[in-house]
Amino acid sequence: MNTKIELLDKENPNIEILKKAGATILNGGLVAFPTETVYGLGANALDPEAVKKIFIAKGRPQDNPLIIHVADFNIEKFVLEIPDIAKKFMKKFWPGPLTIIMNKAEVIPYVTSAGLDSVGIRMPSNSVARELIREAGVPIAAPSANISGRPSPTDIETCVEDLNGKIEYIIGGERCNVGLESTIVDCTVDPPCVLRPGGITLEMLREVDDRVYIDPAIMKKPDKNLKPKAPGMKYRHYAPKAPVKIIDGDLNKSIAKIKEMVQNYIDNNMKVGVMATNETLSEYSNALVKSLGSRKDLYSIGKNLFKVLREFDDENVDIILSESFEEKEMGIAVMNRLKKAAGFDIIKV
Ligand code: TXA
Ligand code: MG
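In the nomenclature of an unreviewed UniProt entry, the protein chain corresponds to Threonylcarbamoyl-AMP synthase from the organism Clostridium brassicae. As recorded by UniProt, the Sequence similarities (unreviewed entry) comment attached to the protein chain reads in full: "Belongs to the SUA5 family."

Next up, the structure:
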C-alpha cells in the first residue's frame, strides 16, 4: 500500500488534508495521527472490519481492547451511563491525557472492546487529533501507532518507521508533549482504579476523589495471582531490542554501580547504553550516554523516555542501563514504563 505522509502545522493545519484523512477513517481505512501523549493508529471505532485492520497492521493480540477518541463531551450514545465520578473527571481533565473506562453501549463493537462490556474513552487535547475526529464524524479507535511490543511513537518519523506501507495516511509533524500514553482510570468500579499511570497523576485524580488507587498489579512483575486489569499491561510492552536493567537506590550508589557494570560489559566487548539525566550525564564517560532530561522535571523525563529507548535501538547497543526515579507524581508513570521496558530487571543498590 502507498502510505501518504502529510506534515501538518498544528496551529494552522491544512483542512483539505484533514478532510481526506477523516473520510479515509469513515470509509474503513487507517490513519496514524498525533496526540499529546503518543501517536495513535486510528480507525472508525464503530466499524468492526476497520478495527480488525488495526490489529493486523500492529500485530496486536486480539484480546487487547482499544480506546476510543472523541472530540466533544457528547458521549452518552457510546456508554450505558456516565457515572458521576466520570463526569467530574471529564470536566476537570478533558481534553487531555485521561482515558475513562465505562460500561459500553451496544453501538461499540466487541472487536473494539476485545470482547469486554466496557470501553475506554478519551478526548485528546491535540487540535489536529480533534479536528480529524470531527472530520471523520465518528469516534476513532486508536492504540499507539507502533508495531506491538515496541516503544510507542512520540514523533512522526517513528510512525513512518513502523507503519509505512501498511496504512493509508500518516499525518502530523510535531513531537508529542507528554510522551507517555494516557492515564487510564476505571470508573466501572467504586472507588475508581487507575489501570495505567500517565500524565494525569494519581495525586491529580485524588483531588477529585481521594479514594482513587492504582491497580496493585501494574507496578510489579505480572504473575498468575496478580493480573493487571488492563489486558495490555500484562504484555512486555515498551521493549527496545537490547535488554534494559534498572539500577535502583541512592543516586550516588547507583552511579557507582552503573560505572562498575559499564566497565565489566566493555571488558566483555559489549556496547553499553546508559540512560542518565542532565545532572549525572558527565559521570559515565566510557559508555554511550543519553540524558532523559533534568531530574527536577519528571515531565521532561517522561517526554524523552520512548525516544531515547528507540535511539539506543538505532545505535545497536547490546545492553541498556538506567538510573531510576522516585515513584511519585509523574515518576509513577515513568517508572511503570521503565520497569516494563526492563521486564522488571531491577538491581537494588
Ligand atoms: O495515550 C493513549 O492512550 C494512546 C493515544 C493514541 O491516545 N493510546 C494508547 O492505546 O495508548 P493502547 O491501545 O496502546 O493502550 C490502551 C490500553 C491497553 O493497555 C488496553 O488493554 C487498555 O488500554 N484498555 C482499553 N480498553 C480497556 C477496557 N475496556 N478495560 C480495561 N483496559 C482497557
Ligand atoms: Mg500501546
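Picking up after the structure, the text goes on.
Colleague: Which parts of the structure should I look at to understand the packing of aromatic side chains?
Modeller: For any two aromatic rings, the description comes down to two numbers: the centre-to-centre distance and the angle of the planes. Enumeration over the complete set of coordinates arrives at two aromatic pairs. Note on Phe73 and Trp94: the rings are 6.2 Å apart at their centroids and 40° apart in plane angle, and the pair reads as tilted. A residue pair is termed long-range when its members are at least 10 positions apart, and Phe73 in the loop between strand 4 (67–69) and helix 3 (84–93) and Trp94 in the loop between helix 3 and strand 5 (98–103) qualify at 21 residues. Judged by centre distance (6.4 Å) and plane angle (35°), the rings of Phe89 and Phe93 are tilted. With Phe89 and Phe93 both in helix 3 and four residues apart, the pair spans about one turn of that helix. By the burial criterion, Phe89 is buried, and Phe93 matches it. The lysine or arginine in question, Lys4, covers the ring of Tyr169, its NZ or CZ lying 5.0 Å from the ring centre. The residue whose ring lies beneath Lys290 is Phe312, and the NZ or CZ to ring-centre distance is 5.6 Å.

Colleague: Whenever I open this one, the sheet that holds strand 14 (residues 288–291) confuses me. Can you help?
Modeller: Sheets are built from strands paired through backbone hydrogen bonds, the pairs being either parallel or antiparallel. The sheet built from five strands is open, its strands ordered 14-13-15-12-16 with parallel pairing. Strands with a single pairing partner mark the edges of an open sheet, and in this sheet they are strand 14 and strand 16 (346–348). Going from strand to strand, the sheet's axes swing by 25° on average, the running direction of each strand aside. The pairing of strand 12 (residues 244–248) with strand 15 (residues 319–322) spans three bridges and is parallel. Bridging from a neighbouring strand, Lys245 pairs with Leu321 of strand 15.

Colleague: Got a minute to help me understand unusual backbone geometry in this structure?
Modeller: Leaving glycine aside, a negative phi is the common case for residues, and trans is the common case for peptide bonds. Cis peptide bonds are those with omega within 30 degrees of zero, and the linkage from Trp94 to Pro95 qualifies with -10°. For Pro95, the location among the structural elements is in the loop between helix 3 and strand 5. For the peptide bond that leads from Asp190 to Pro191, omega is 0°, which places it in the cis range. As for its placement among the helices and strands, Pro191 is situated in the loop between strand 9 (183–186) and strand 10 (193–196). One non-glycine residue with positive phi stands out, namely Glu329, at about 50°. Looking at where Glu329 falls in the secondary structure, it is placed in the loop between strand 15 and helix 10 (330–341).

Colleague: Sorry, what's going on with the site of ligand 1 here?
Modeller: Of all residues adjacent to ligand 1, which total 27 residues, the nearest are Thr37, Asn64, His69, Ser182 and Gly232. Interatomic distance of 3.0 Å between a side-chain N/O atom of Arg122 and an oxygen atom of ligand 1. In isolation ligand 1 has 680 Å² of accessible area, and contact with the protein removes 98% of it. When residues of the shell around ligand 1 are traced back to their parent elements, those giving at least two are strand 4, strand 6 (118–122) and strand 10. The leading source of residues in the shell around ligand 1 is strand 6, at three residues.

Colleague: How should I be thinking about helix 3 in this particular structure?
Modeller: Side chains three or four residues apart in an α-helix point the same way, a direct result of the helix having 3.6 residues per turn. Along helix 3, the residues classified as buried are Ile85, Ala86, Phe89, Met90 and Phe93. Take helix 3 and look down its axis: the buried residues cluster within an arc of 140°, on one side only. Those residues of helix 3 that are exposed and angled more than 90 degrees off the buried face are Asp84, Lys88 and Lys91. Elements in contact with the buried residues of helix 3: strand 5, strand 9 and helix 7 (202–206).

Quick notes on the rules
Residues numbered from 1 in each chain as written. Chains lettered and ligands numbered in written order. Predicted model: local features only at pLDDT ≥ 70, side-chain atom pairs only at ≥ 80, totals over all residues. Heavy atoms only, no water. UniProt positions renumbered as here; feature names shortened; annotations may be inferred. Phe/Tyr/Trp six-rings, centres within 6.5 Å; stacked < 30°, edge-to-face > 60°. Helix = DSSP H or I, 4+ residues; strand = E, 2+ residues; numbered from the N terminus. Buried < 20%, exposed > 50% of the residue type's maximum accessible area, 1.4 Å probe, protein only. Lys NZ or Arg CZ within 6 Å of the ring centre and 35° of its normal. Pairing = 2+ DSSP bridges. Axes fitted to C-alpha atoms, helices over the stretch in contact; angles between N-to-C directions. Near = heavy atom within 4 Å. Polar contact = N/O pair within 3.5 Å; in protein donor to acceptor, adjacent residues only side chain to side chain. Areas by Shrake-Rupley, 256 points an atom, 1.4 Å probe, with all protein chains shown as cover. Arc of directions from axis to C-beta. Contact = heavy atoms within 4.5 Å.

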